[in-house]
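Chains, contacts and geometry: an overview
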Amino acid sequence: MGEIDTIAAIATPLGTGGIGIVRISGPDAFATAERIVHLAKGRRVSSLAGYTCAYGLAADQEGPIDEVIVTAFRGPHSYTGEDIVEISAHGGVYLMDRLLNACCKNGARPALAGEFTKRAFLNGKLDLTQAEAVIDLISAHGGQAARAALSARGGALYRCVGEIADRLTYFAAHLSAWIDYPEEEIEAVDPNALQCDLAKCLQTLDSLAGSYETGRLVREGIETVIVGRPNVGKSSLMNLMTGVKRSIVSDIPGTTRDLVSDTVLCGGFVFHLTDTAGIRKPDDPIEQEGVGLALEQIERAQLVLAVFDGSEPLTGDDRRVMEACRGLNALALVNKADLTQVLDAQAFASDFKRVLLISAHDTNIIKPLTEALTEMVGLGAFDSSAAIVANTRQRAAVMAAAGELREAVEALENGVSYDAVAVCIERALDALLELTGKRASQAVVDSVFSRFCVGK
Ligand SMILES: Nc1nc2c(c(=O)[nH]1)N(C=O)[C@@H](CNc1ccc(C(=O)N[C@@H](CCC(=O)O)C(=O)O)cc1)CN2
Ligand SMILES: Nc1nc2c(ncn2[C@@H]2O[C@H](COP(=O)(O)OP(=O)(O)OP(=O)(O)O)[C@@H](O)[C@H]2O)c(=O)[nH]1
Ligand SMILES: [Mg+2]
């Protein structure tokens, strides 16, 4: 390991903004900032106490750059655990670039992607799951994903895994003491109790591994397609949900021909909506292509919203839509609730998981619709404060640990030697410590931080 040096980066997005921040971290952070920023009233950057800020003028050898605010953090009480100075200037590509250059001529070097957070990890400020949560926080598109990432940043997964790791450490220690020092007065290992304890850990790991799919839906959003025969109100529903005039609406059947897509937030969850052409035996080749695209979307979607017109009897085209939805995750929306209803909800019972009466002209339906949508994709009871597995690295580690514990439980069941059980427990422990980074290889750590952006 070489000497720890001082790094600097632009921490705010590159563009025009009210304020832009250059962040400096490392042993020379204060000395570097002092050479660039001249504080008002004769104060010195190097004399600033932690968690204080001061007004000044930043300059390089060319002359003044901008008026700035300097914020001081004294290690270990900072994001990275090192000394940090943040210089906030007016946000602008030129100003930020020039400030960063000034830092790099005065004792700092440009930070690599993720290097601030990597230093925070190396200084014990966060574990690998918390570091990964920082990426998820930055890239969250909806409230639920952001809350889940914040829970992980706060250590939800870290604590859950840590508890299991602590118990496994205890079991492993007890087993090896029992095996290695049979003549000492060590409490006998009770195979039934151990099997039961391991099974409990295994159960927690299995449910954690299962949480990956839920987390993915929350992070990435749900591919949702709106289908139905012409004129039932698909585009009206699209516009109601997006809150803008996204699709053309008219009383002429066959208005929508192409796919129209947009992303909406419902209950803090992200839904990628696609409005489609009305499904019918088309009159012309262009419409025919639109119908083909609609049918393809049904196959691809994670959630199908099938719209019907409640004021009219079911037609052959309606039945074709029902058939296309059979066996899929589909919700029947009986539209035009404001008109006299002739459809019987029973008609949809066999092909759809749920039926909802709506009017695409009424914003009051958004609430019950949101509830139905989230329930349809299994997010009705989503708890954003619970520990979840947030990426494939985490899932692989959890599954590896679970696999080892399964083997340990089986070994106990079959009366195999305690040696074999101890080996499995040790391996499970390795997988969990790699997950949190307590015992992770350089390659694992590097690959986690390679996903970060510069300045984070
Ligand atoms: N200006 C600014 N805002 C920011 C950050 C930053 O680095 N700078 N962050 C960067 O991502 C996030 C906040 N993360 C931070 C985490 C810990 C500490 C910190 O000083 N920790 C100390 C003290 C904690 C305490 O008082 O309890 C410590 O850990 O000892 C600072 C920022 C978001 N907002
Ligand atoms: N009364 C009433 N009319 C509605 C409702 N929803 C939609 N409409 C009307 O139904 C007609 C068709 O609406 P669209 O949203 O264009 O229907 P579509 O399913 O997208 O039709 P295509 O694009 O042709 O497949 C329009 O005149 C809408 O104003 C509703 O809830 N109540
Ligand atoms: Mg339409």
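This is a predicted model, so every value here is computed, not measured.

What counts and how
- Residues numbered from 1 in each chain as written.
- Chains lettered and ligands numbered in written order.
- Predicted model: local features only at pLDDT ≥ 70, side-chain atom pairs only at ≥ 80, totals over all residues.
- Heavy atoms only, no water.
- Near = heavy atom within 4 Å.
- Polar contact = N/O pair within 3.5 Å; in protein donor to acceptor, adjacent residues only side chain to side chain.
- Helix = DSSP H or I, 4+ residues; strand = E, 2+ residues; numbered from the N terminus.
- Nonpolar A, V, L, I, M, F, W, Y, C, P; charged D, E, K, R; others polar.
- Core = buried A, V, L, I, M, F, W, Y, C linked by side-chain atoms within 4.5 Å.
- Buried < 20%, exposed > 50% of the residue type's maximum accessible area, 1.4 Å probe, protein only.
- Contact = heavy atoms within 4.5 Å.
- Arc of directions from axis to C-beta.
- UniProt positions renumbered as here; feature names shortened; annotations may be inferred.
- Areas by Shrake-Rupley, 256 points an atom, 1.4 Å probe, with all protein chains shown as cover.
- pLDDT = per-residue confidence, 0-100.
- Phe/Tyr/Trp six-rings, centres within 6.5 Å; stacked < 30°, edge-to-face > 60°.
- Lys NZ or Arg CZ within 6 Å of the ring centre and 35° of its normal.

Residues in close proximity to ligand 2 total 23 residues, the closest being K234, S236, G254, T255 and D338. Here an oxygen atom of ligand 2 and a backbone polar atom of N231 are 2.9 Å apart. Element by element, the count of residues in the shell around ligand 2 is highest for helix α8 (residues 234-242), at 3 residues. For the shell around ligand 2, the class distribution of residues is 7 nonpolar, 12 polar and 4 charged.

So, on to the environment of A400. One can find A400 in helix α12 (residues 392-413). Considering only alpha carbons, one finds A400 and L202, 198 residues apart in sequence, at a separation of 11 Å.

Grouped together as the largest cluster of nonpolar side chains are 38 residues, with contacts concentrated most on L168, L198 and I425. With 10 residues, the top contributor of residues to this core is helix α13 (residues 418-436). Discounting residues that sit within four places of it in the chain, L198 has contacts with L168, F171, L405, A408, V409, L412 and I425. Residues I222, V260, L273 and L373 belong to the second largest nonpolar core, which totals 33 residues.

Let us look at helix α5 (residues 143-153). Where α5 is concerned, the buried positions are Q144, A145, A148, A149, S151 and A152. End-on view of α5: buried residues confined to an arc of 155 degrees, all on one side of the axis. Positive backbone phi, approximately 105 degrees, marks G155, located one or two places after α5.

Annotation from UniProt places "binding site: Mg(2+)" (unreviewed entry) at S235 and T256. Taken along the chain, the residues just named run across 22 residues; in space they keep tight, none of their C-alpha pairs more than 7.6 Å apart. With respect to the helices and strands, the residue S235 is situated in helix α8. Classification of S235 by relative accessible area gives buried; the value is 8%. Once residues within four sequence positions are removed from consideration, S235 is found in contact with S247, I248, V249, T256 and D275. Mapping T256 onto the fold places it in the loop between α8 and β9 (260-266). Look past the residues within four positions of T256 in its chain and what remains in contact with it is S235, I248, D275, T276, A277 and G278. Here the side chain of T256 touches S235 through a polar contact of 2.8 Å, side chain to side chain.

Glancing now at the site of ligand 1. Contacts to ligand 1 come from R23, Y51, P76, H77, S78, Y79, E86, K125 and K456. Measuring from an oxygen atom of ligand 1, one finds a side-chain N or O atom of H77 at 3.0 Å. Within the side chain of E86, a nitrogen or oxygen atom sits 2.5 Å from a nitrogen atom of ligand 1. Burial of ligand 1 by the surrounding chains reaches 48%, relative to a free accessible area of 680 Å². Residues that form the shell around ligand 1 fall into these classes: 3 nonpolar, 2 polar and 4 charged.

As a further point, take the confidence of the model for the protein. Of the residues in the protein, 100% have a pLDDT of 70 or more, and the chain-wide mean is 95. As a predicted assembly, this complex carries a pTM of 0.91 together with an ipTM value of 0.91.

This next bit is on the packing of aromatic side chains. Going through the model one piece at a time under the given rule, you end up with 8 aromatic pairs. Ring plane angle 85 degrees and centroid distance 5.8 Å describe the contact between F308 and F352, whose orientation is recorded as edge-to-face. Of the two residues, F308 sits in strand β11 (residues 303-309) while F352 sits in the loop between β12 (330-335) and β13 (354-357), which places them 44 residues apart along the sequence. Across the pair, F352 and F308 agree in class, each one buried. Among the aromatic side chains, those forming a connected cluster through ring pairs are F121, F449 and F452. The ring of F116 carries the charged tip of R23 above its face, separated from the ring centre by 4.4 Å. Just above the ring of F30 sits the side chain of R74; from NZ or CZ to the centre is 3.6 Å.

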